[in-house]
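Here is how the chains run, residue by residue.
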Amino acid sequence: MNNPNSIYVTFSTNVFNLRTEQSLTQTQLAKKMDTSPGFVCDYEKGRRNPTLATVERFALALSCSVSELLIPAVKI
């Protein structure tokens, strides 16, 4: 997962950014998803590649669209 343009890298980065923008800890996000903090950490660190179902779970918990998690953020 060394390619910085990878959709997996984008997903990991966007999950982390959205979570921290919402002032959520990994534990708080995990509770919203009914999972463990390790699950959240693994995706944020890029140790796991998400399925579409997992992307949807994160989107629901973060109150965002699936596309917000998969499309690179525009740098201004």
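Refer to the structure printed above.
What this report covers is the structure whose coordinates are included nearby. Remember, it's a predicted structure, so these values are computed and weren't measured experimentally.

Under the 1.5 Å per step criterion, the end-to-end length of helix α1 (residues 7–21) is 21 Å for 15 residues, consistent within 8% with the ideal 21 Å. Considered for burial, the residues of α1 that qualify are Val9, Thr10, Phe11, Ser12, Asn14, Val15, Leu18 and Arg19. On the buried face of α1, the contacting elements are α2 (26–33), α3 (37–44), α4 (52–62) and α5 (66–70). Its side-chain oxygen 3.0 Å from the backbone nitrogen of Tyr8, Ser6 forms the N-cap of α1. Ser23, located one to two residues past α1, shows a positive phi value of around 55 degrees.

Attention shifts here to unusual backbone geometry. If you check the backbone angles, Ser23 has positive phi at about 55 degrees while not being a glycine. Positionally, Ser23 belongs in the loop between α1 and α2.

A few words now on the packing of α3 against α4. The interhelical angle for the contact between α3 and α4, taken along N-to-C directions, is 110 degrees, at an axis separation of 13 Å. Here α3 lies roughly perpendicular to α4, going by the angle between them. Between α3, through Phe39, Val40 and Tyr43, and α4, the contact on the second element is made entirely by Thr54, Arg57 and Phe58. Residues belonging to the contact of α3 with α4 are distributed by class as follows: four nonpolar, one polar and one charged.

This part is about the nonpolar core. Considering soluble globular proteins, one finds that nonpolar side chains tend to be buried as a cluster. Phe11, Leu29, Met33, Phe58, Leu62 and Leu69 are the most contacted members of the largest nonpolar core, which totals 17 residues. Counting only elements with at least two residues in this core, the list comes to α1, α2, α3 and α4. For this core, the element with the most residues is α4, which contributes five residues. Apart from the residues within four sequence positions on either side, Phe58 is in contact with Phe11, Val15, Leu29, Met33, Phe39, Val40, Tyr43 and Leu69.

Moving on, we come to the pattern of salt bridges. If you walk through the whole model with that rule in mind, you get two salt bridges. The closest approach of N and O atoms between Glu44 and Arg19, which form a salt bridge, is 2.5 Å. Placement of the pair is Glu44 in helix α3 and Arg19 in helix α1, with a sequence separation of 25 residues. In this structure, Arg47 and Asp42 form a salt bridge, with 3.0 Å as the shortest nitrogen-oxygen distance.

Taken as a whole, α3 has its buried residues at Phe39, Val40, Cys41, Tyr43 and Glu44. Gly46, located one to two residues past α3, shows a positive phi value of around 75 degrees.

Rules of the game
- Here the residue index of a chain counts from 1 through its sequence in written order.
- Given that the model is predicted, a residue must reach a pLDDT of at least 70 before its local features are reported, and side-chain atom pairs must reach 80 or more before they are shown or counted; all residues, however, enter totals for whole chains, interfaces and linings.
- Each side-chain value is derived from all of the structure's non-hydrogen atoms; neither hydrogens nor water enter the calculation.
- The way it works is that DSSP assigns letters per residue, a run of H or I at least four long becomes a helix, a run of E at least two long becomes a strand, and they are numbered from the N terminus.
- Expected span of a helix, by definition, is 1.5 Å for each gap between consecutive residues, and there is one gap fewer than residues.
- A 1.4 Å probe rolled over the protein chains alone gives each residue an accessible area, and that area as a share of the maximum for its type sets the label: buried under 20%, exposed over 50%, partly exposed in between.
- Contacts are assigned to residue pairs with any non-hydrogen atoms lying within 4.5 Å of each other.
- Polar contact is defined as a pair of N or O atoms within 3.5 Å, subject to the rule that within protein one atom must be able to donate a hydrogen and the other to accept it, and that residues adjacent in sequence are counted only when both atoms are side-chain atoms.
- Axes here mean lines fitted to C-alpha atoms, for a helix over just the part in contact, with angles spanning 0 to 180 degrees between N-to-C directions.
- Here the word oblique covers every angle except those under 35 degrees (roughly parallel), over 145 (roughly antiparallel) and from 65 to 115 (roughly perpendicular).
- Basically, the charged four are Asp, Glu, Lys and Arg, the nonpolar ten are Ala, Val, Leu, Ile, Met, Phe, Trp, Tyr, Cys and Pro, and anything else, Gly included, counts as polar.
- Throughout, nonpolar core names a set of buried Ala, Val, Leu, Ile, Met, Phe, Trp, Tyr and Cys residues whose side chains join them through atoms within 4.5 Å.
- Criterion for a salt bridge: a side-chain nitrogen of Lys or Arg within 4 Å of a carboxyl oxygen of Asp or Glu.

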